[in-house]
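A closer look at the structure
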Amino acid sequence: MNNILLQNQVIINLSISFLTLLLLFGASIFGVYIYKNWDFNSTSNFQYNLEKKAYLIVLILFFALVVKIITLPYFAFTIDSLSDIVHGAMCAAGVVNANEYGYVLITLKLFIIFFVGSWLVINKIDIASINYPHIKTKLLFAFFIFLAVLCEFILEILYFTNISTETPVQCCSVIYGVSGNSDPLPFGIDTKTLLIVFYAILILSLSANLQKNPIFSFVASMMYLYFGYYALVYFFGTYIYQLPTHICPFCMLQKEYYFIGYILWGSLFLGTFFGIVNLILKTLIGQIIKRYFFYSTIFNTIFAIICTLYVVTYYIINGVFL
Amino acid sequence: MIRLTNLYKIYNQSLQNEFVALKNINLHIKDKECVVLKGVSGSGKSTLLSIIGGMNKPTSGEALIENKAIAKLPDLHLSNFRAKSIGFVFQSFHLIENLSVYDNVTVPLIPHQKDTEQITQMVNNALQIIKIDHKKNDLAKNLSGGEKQRVAIARALVNNPNIILLDEPTANLDIANSQNLITILQDLKQLGKTVVIATHDTIFDDLDFVDKIVHIQNGEIVE
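Residues numbered from 1 in each chain as written. Chains lettered and ligands numbered in written order. Predicted model: local features only at pLDDT ≥ 70, side-chain atom pairs only at ≥ 80, totals over all residues.

Concerning the overall build of chain B
Which entries qualify depends on this criterion: What counts as a helix is a DSSP run of H or I of at least four residues, what counts as a strand is a run of E of at least two, and both are numbered from the N terminus. Only C-alpha atoms enter the radius of gyration, while the globule expectation follows 2.2 Å times N to the 0.38, with N the number of residues. Residues with at least 20 other C-beta atoms within 10 Å of their own are called buried, those with 12 or fewer are called exposed, and the rest are partly exposed. The C-beta atoms themselves are positioned from the backbone. Remark: residues whose backbone-derived C-beta atoms lie within 7 Å of one another are considered to be in contact.
Counting secondary structure elements, chain B contains six helices and ten strands. Taken over C-alpha atoms, the radius of gyration comes to 17 Å for chain B, in line with the 17 Å a tight globule of 223 residues would show. Reported as C-alpha extents along the three principal axes, the dimensions of chain B are approximately 50 × 40 × 35 Å. Classification of the 223 residues of chain B by burial places 40% in the buried group. Taking the intrachain contacts of chain B between residues at least 6 apart in sequence as the baseline, contacts between residues at least 24 apart amount to 71%.

Here's what the structure looks like:
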C-alpha cells in the first residue's frame, strides 16, 4: 500500500472527508425531496412532518459544512507534514506539486469554502425568519455543494493515492523561483508594478466596501485575492523568510515562521469572502448584509498591514530592502 | 385571540401504539375571555393546552395564537413567543425547590436581559398581585401546596403575558385553597388576561366570570 495512505493525518483527512460526504449525501437527497414537496402555507400532517425533517436536515448540513471549514487548515497542515516523507519536498509546495491533482484540489477546496460560507450565511438569515423564506434556495444550494464536495473527495483520493514517496519532487525554490517553470508574475509585470497594483487594489476594495456596492466589492475582492496571492508569495513572503530567493506560499505555515501563514492566508480569504458574499446573497436571496462590507475591509486591511509590517521591520532592523 | 382550526394530534403516528389525542378541534377564544376545558383524564385537554401554549405541535391543522401560527414557528421564534405571550401553570407546579419564592418567579425573566431594578419591580409586582409577597424569601420546598400554586401563578404572570394557561390547577389543592385560586383567577380576568383552564374539577362549573366551558371527550369537542 502507498505509504502516504498510512499517515495518520491522511487517514484523518480522508475519514473526515468521507464522513462529511456521507452526511451531505443523505442530507442533500432528503433536501431535494423537501425542496420538491415544500408548501409552507399548508397545515397538513405531511407539511408538518416535512418541517420537522427540514429542521434535522438543515442541522446535519450545518454540521457537515462547518466541519468542511474546520478541516481546510488541517488539510494544509497535513500536506505540510507529508513533506517529511516525500523525496525532495521541504514544505507543502513540493507535496502539492507531487502530482497533477494537487493544485486543482486546493483551488476546488477554496471555492467550496466560499460556497460553504455563503450557505451558512443564507442559513443564518433563513432560521432567523419566521417562515423559512429561503429554505428552497439553501437546499438546492446544498445539493450543489454536495456535488462539489463529491468532486473534491474523488480528487482527494486521486491526489493522495498518486503521491510517490520514492520519486523526487520539485519544491518551492524550483517551482516558484526564477528557474521554475511556472509564470513568475501575472501579465509579465515586475515586482515593483505588482506592489503598486496590490496597494491600488487594496484602496479600490476599501472604497468598494465603503460604497457598499455588491458588484463593485465582488470584483475588487476577487482582484485583491488574485494580486494579494502574488504579492504575498513573490514579494512579502521573501521578507517573512528573510531570503530573496525563498519564494513559497506554504513555508510560512510552518513553525519556523510562527505559523504566520495561517493568519495571512486566513485574513486574505476572509476578506475576500466577506467582499464577495453579498453579491452571492443578492443573486440567491435578493438581500445583502451591510456589515460584511465592513468585515471585508477589516480583514483586507489586516492582511495588508501584516504584510507591510514585515517589510518595514526588515528595513528598520537591516537598513536595506531585500 | 386563540383560534384552532381542524386540529389533530396523533402520538406515535403510524406505529402500533398510535394514539389520537385530538380529533378535528375547532375552537375560538376571544381576548380577555376565561374558558374552561373540561374533560376526564386522558380526554386530550392537557394536550390541547400544551398546543395552545406552544409546547407541543399539532399533527395537522392550524393553531393561531395572537395572530401567529405557532405550529409553524421555528423553535427560536416559538420560544420567544412563549416567553412573551404565554404564562403556563403546571399541574405539579414545577418550582425549583431549593430556590426562594423570589428566585423562582425571576426565572422566566432571565433570558430577557433586563436590569436588576426592572427585574425586582416585575417580580414584586407579580408577587403582590398573587398576594404571596410576604413569602418571597422562603424556599419553595418549605411552602404549602396552595402557596406553591400561588408562586407558580406569579411565575406565569411575571412577564405580563396576555394568555394564562392552567393545567389541572386544583388537582393538588384542598377546597379552601381551590376557593382562593378561583379568586386569583377572577383577578386575572379583571387584569384583562385571557385565561384557559384545563380541568375535570366541578368547582369551575358555575362561576360567573367563566365565559365558556368546552367539554372534551376522547379528543373531540362535544356540545
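Topic: the overall build of chain A
If you tally the helices and strands in chain A, you get ten helices and zero strands. The secondary structure elements of chain A, listed N-terminal to C-terminal, are α-α-α-α-α-α-α-α-α-α. Taking 2.2 N^0.38 as the reference for a compact globule, 322 residues should give roughly 20 Å; the C-alpha atoms of chain A span a radius of gyration of 22 Å, in line with that estimate. Its C-alpha atoms give chain A principal-axis dimensions of roughly 75 × 55 × 30 Å. When each of the 322 residues of chain A is scored for burial, the buried share is 37%. Pairs at least 24 residues apart make up 73% of the contacts formed inside chain A by residues separated by at least 6 positions.

Regarding helix H2 (residues 45-81) of chain A
Residue and element names in this part refer to chain A. Put simply, the test is: Multiply 1.5 Å by the residue count of a helix minus one, and that product is the helix's expected span. Bend at a given residue is defined as the angle between two axes, one fitted to the seven residues that end at that position and one fitted to the seven that begin there.
With 37 residues, H2 extends 53 Å between its outermost C-alpha atoms, agreeing within 8% with the 54 Å of an ideal straight helix rising 1.5 Å per residue. In H2, a bend of some 30 degrees at Thr71 exceeds every other bend along the element, and Pro73, a proline, comes one to four places later. Of the residues making up H2, those classed as buried are Leu50, Ala54, Ile57, Val58, Leu61, Ala64, Leu65, Lys68, Thr78, Ile79 and Asp80.

Examining the confidence of the model for chain B
Residue and element names in this part refer to chain B. This is how the line gets drawn: What pLDDT conveys is the predictor's confidence in a given residue, as a value from 0 to 100.
Looking at chain B as a whole, its pLDDT mean stands at 92, while 100% of the residues score no less than 70. Taking the mean pLDDT of every element in chain B, the minimum, 89, falls on helix H6 (residues 175-190) and the maximum, 96, on helix H3 (residues 101-106). Across the interfaces of the predicted complex, the ipTM metric reaches 0.81, alongside a pTM of 0.85.

Description of the nonpolar core
Test applied: Only buried residues count toward a nonpolar core: Ala, Val, Leu, Ile, Met, Phe, Trp, Tyr and Cys, linked into one set through C-beta atoms within 7 Å.
Counting residues in each nonpolar core, the largest one holds 82 residues, and the members touching the most others are Cys91(A) and Val95(A). No other element matches helix H8 (residues 214-241) of chain A, which puts 14 residues into this core. Excluding residues within four positions of it along the chain, Cys91(A) makes contact with Asp80(A), Ser83(A), Cys171(A), Cys172(A), Cys248(A), Phe250(A), Cys251(A) and Gln254(A). By size, the runner-up hydrophobic cluster in this structure holds 58 residues, among which are Val35(B), Ile51(B), Ala152(B) and Leu166(B).

Here we look at the interface of chain B and chain A
Opposite the ten residues of chain B that make contact, chain A presents six residues. Elements represented by at least two residues in the side of chain B that touches chain A include exactly strand S4 (60-65) and helix H2 (75-85) of chain B. Here the side of chain B that touches chain A gets three residues from one element, more than from any other, and that element is S4(B).

Details of the sheet that holds S4(B)
All names here are of chain B. Here is the rule: A strand pair is defined by DSSP finding two or more bridges across the two strands.
If you walk across this open sheet you meet the four strands as S2-S1-S4-S5, and the pairing is antiparallel. A single partner strand is all that each edge strand has here, and the edge strands are strand S2 (19-29) and strand S5 (68-69). Bridge count for strand S1 (residues 2-11) against S4 is five bridges, and the pairing is antiparallel. When the sheet's bridge partners are listed, Ile2 is paired in S4 with Ile65.

So, the environment of Thr167(A)
Residue and element names in this part refer to chain A. Relative to the helices and strands, Thr167 is located in the loop between helix H5 (135-161) and helix H6 (172-175). According to the C-beta neighbour criterion, Thr167 is exposed, with 11 such atoms within 10 Å. Once the C-alpha coordinates of Thr167 and Ile302 are considered, the two residues, 135 residues apart in sequence, prove to be 40 Å apart.

Describing the pairing of strand S8 (residues 194-199) of chain B
All names here are of chain B. Spelled out, the test is: Note on handedness: a clockwise path from strand one over the helix to strand two, with the strands aimed away from the viewer, defines a right-handed crossover.
Taken across its six residues, S8 has six buried, putting it largely inside the fold. Burial along S8 is two-sided: the face carrying Thr194, Val196 and Ala198 and the face carrying Val195, Ile197 and Thr199 are both buried. Bridge analysis of strand S3 (residues 34-38) against S8 gives five bridges, and the strand direction is parallel. Bridge pairing in S8 links Leu37 to Ala198. Taken together, the five bridges between strand S7 (residues 163-167) and S8 define a ladder with parallel strand orientation. Bridge pairing in S8 places Ile163 opposite Thr194. As a crossover connection, the stretch from S7 through H6 into S8 is right-handed.

A word on the sheet that holds S3(B)
Residue and element names in this part refer to chain B. The following threshold applies: Angles run from 0 to 180 degrees between N-to-C directions of axes, and those axes are lines fitted to C-alpha atoms, restricted for helices to the stretch in contact.
Strand order in the open sheet formed by six strands is S6-S7-S8-S3-S9-S10, and the pairing between neighbours is mixed. Where the open sheet ends on each side, the last strands, each with one partner, are strand S6 (86-89) and strand S10 (220-222). When strand polarity is set aside, the average angle formed by the axes of neighbouring strands in this sheet is 25 degrees. Alignment of strand S9 (residues 212-217) against S10, held across three bridges, turns out to be antiparallel. Each bridged residue has a counterpart across the sheet, and for Ile216 the counterpart in S10 is Ile221.

Topic: the environment of Pro214(A)
All names here are of chain A. One can find Pro214 in helix H8. Distance in space between the C-alpha atoms of Pro214 and Asp80 is 36 Å, their sequence separation being 134 residues. The residues touching Pro214, leaving out its near neighbours within four places in the chain, are Asn278, Leu279, Lys282 and Ile288.

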